[in-house]
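Chain by chain, the residues:
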Amino acid sequence: MGLFDAKPSQASNVLPEVADCDRQLTALNQRREELIRQIGELYLENNDSTAAAGTPYEEFLKEIEKLAVETLTVEKRKLAVQGLRKCEECGNILVLDSSFCNKCGRKLEPLFVPTEDNPRICAKCGTAYAEGAVFCVGCGNKLE
Ligand SMILES: [Zn+2]
Ligand SMILES: [Zn+2]
């Protein structure tokens with residue numbers, strides 16, 4: 001038997017008691033992680049970054065709030081590229097060009113608002129456009 005045979009044969013000969021302990025340790029660790037996750041969810045339900053200002057949780061909450069904004073933007077864009085949008089009041093799915101929700105009557109504002117970082121974006125689908133462009137390459141919207 002060569003030197004290199006030693007390890008694999010050892011690994012396959014784990015005592016049943018050891019394997020049993022490993023299974024229990026894995027289950028205990030999973031349960032612990034699940035409880036920690038639940039603590040996090042509970043904390044989130046009761047706090048935002050303002051409530052957590054000055055605590056070690058503040059940065060985590062700010063990051064989570066940023067993720068929520070990004071998620072909303074991607075969800076809006078996902079619908080917009082299919083020619084659709086969602087009423088923010090009632091959740092009704094409408095054609096992108098709608099001015100009012102046909103379910104709750106809410107007036108629909110532009111979906112995407114230009115910012116300093118991103119001054120030229122299509123109000124309907126959020127696609128960036130070059131200076132002087134007339135139509136959006138993302139949705140065909142006539143640009144202001
Ligand atoms: Zn609506
Ligand atoms: Zn567009």
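Residues numbered from 1 in each chain as written. Chains lettered and ligands numbered in written order. Predicted model: local features only at pLDDT ≥ 70, side-chain atom pairs only at ≥ 80, totals over all residues. Heavy atoms only, no water.

### Focus: the overall build of the protein
- A count of helical and extended segments in the protein gives three helices and two strands.
- Each helix and strand of the protein, placed in order from N terminus to C terminus, yields the pattern α-α-α-β-β.
- Relative to the compact-globule value of 15 Å for 144 residues, the protein shows a C-alpha radius of gyration of 26 Å, a clear excess of over 25%.
- For the protein, the spread of C-alpha atoms along the principal axes amounts to about 80 × 45 × 35 Å.
- Counting contacts in the protein only where the partners sit at least 6 residues apart, residues at least 24 apart contribute 11% of the total.
- If you average the places of the 18 positive and of the 23 negative side-chain charges in the protein, the two averages end up 7 Å apart. (Helix = DSSP H or I, 4+ residues; strand = E, 2+ residues; numbered from the N terminus. Rg over C-alpha atoms; globule rule 2.2 N^0.38 Å. Contact = heavy atoms within 4.5 Å. Lys, Arg positive; Asp, Glu negative; His and termini not counted. Charge placed at Lys NZ, Arg CZ, Asp CG, Glu CD.)

### What about the coordination of the zinc ion (ligand 1)?
- In this structure, C87 (SG), C90 (SG), C101 (SG) and C104 (SG) serve as the protein donors to the zinc ion (ligand 1), at separations of 2.3 Å.
- Of note, the zinc ion (ligand 1) draws all its donor residues from one chain, in the sequence arrangement C-x2-C-x10-C-x2-C. On the criterion of sequence distance, the pair formed by C90 in the loop between β1 (84-86) and β2 (93-95) and C104 in the segment after β2 is long-range, its members being 14 residues apart.
- Overall, the relative accessible area of 31% leaves C90 in the partly exposed class.
- Residue classification places C104 among the partly exposed positions, given a relative accessible area of 36%. (Donors = N, O, S within 2.8 Å, 3.2 Å for Na, K, Ca; no water. Buried < 20%, exposed > 50% of the residue type's maximum accessible area, 1.4 Å probe, protein only.)

### Observations concerning the nonpolar core
- If you look at the biggest cluster of nonpolar residues, it comprises nine residues: A80, L96, L111, F112, I121, C122, C125, C136 and L143.
- Sequence-distant contacts of L96, that is, excluding residues within four places in its chain, are made with A80, G83, L84, R85, L111, K124 and C139. (Core = buried A, V, L, I, M, F, W, Y, C linked by side-chain atoms within 4.5 Å.)

### Concerning the domain arrangement of the protein
- As far as domains go, the protein holds domain 1 (3-81), domain 2 (82-109) and domain 3 (111-144).
- The centre of domain 2, based on its C-alpha atoms, is set 19 Å off from the matching centre of domain 3. (Domains from an automatic or database assignment.)

### Looking at the coordination of the zinc ion (ligand 2)
- Within the protein, the zinc ion (ligand 2) binds to C122 (SG), C125 (SG), C136 (SG) and C139 (SG); these donor distances fall in the range 2.3 to 2.4 Å.
- Taken together, the four donor atoms coordinating the zinc ion (ligand 2) and their angles of 100 to 117 degrees define a geometry best described as tetrahedral.
- Mapped onto the sequence, the residues coordinating the zinc ion (ligand 2) show the spacing C-x2-C-x10-C-x2-C. (Tetrahedral: all angles 85-135°; square planar, octahedral: opposite > 155°, others 65-115°.)

### Examining the confidence of the model for the protein
- Looking at the protein, the pLDDT average stands at 89 and 92% of residues meet or exceed 70.
- By mean pLDDT, the top-scoring element of the protein is helix α2 (residues 16-46) (97), and the lowest-scoring one is helix α1 (residues 6-11) (55). (pLDDT = per-residue confidence, 0-100.)

### Looking at the packing of aromatic side chains
- Inspection of every chain in the model, using the stated rule, returns one aromatic pair.
- Their ring planes at 35 degrees and their centres at 4.6 Å tell us that Y43 and Y57 sit as a pair that is tilted. Here Y57 lies in the loop between α2 and α3 (58-80) and Y43 lies in helix α2, a separation of 14 residues in the sequence.
- On the basis of relative accessible area, Y43 is assigned to the partly exposed category, the value being 24%.
- Against the face of F112 rests K76, its NZ or CZ located 5.3 Å from the ring centre. (Phe/Tyr/Trp six-rings, centres within 6.5 Å; stacked < 30°, edge-to-face > 60°. Lys NZ or Arg CZ within 6 Å of the ring centre and 35° of its normal.)

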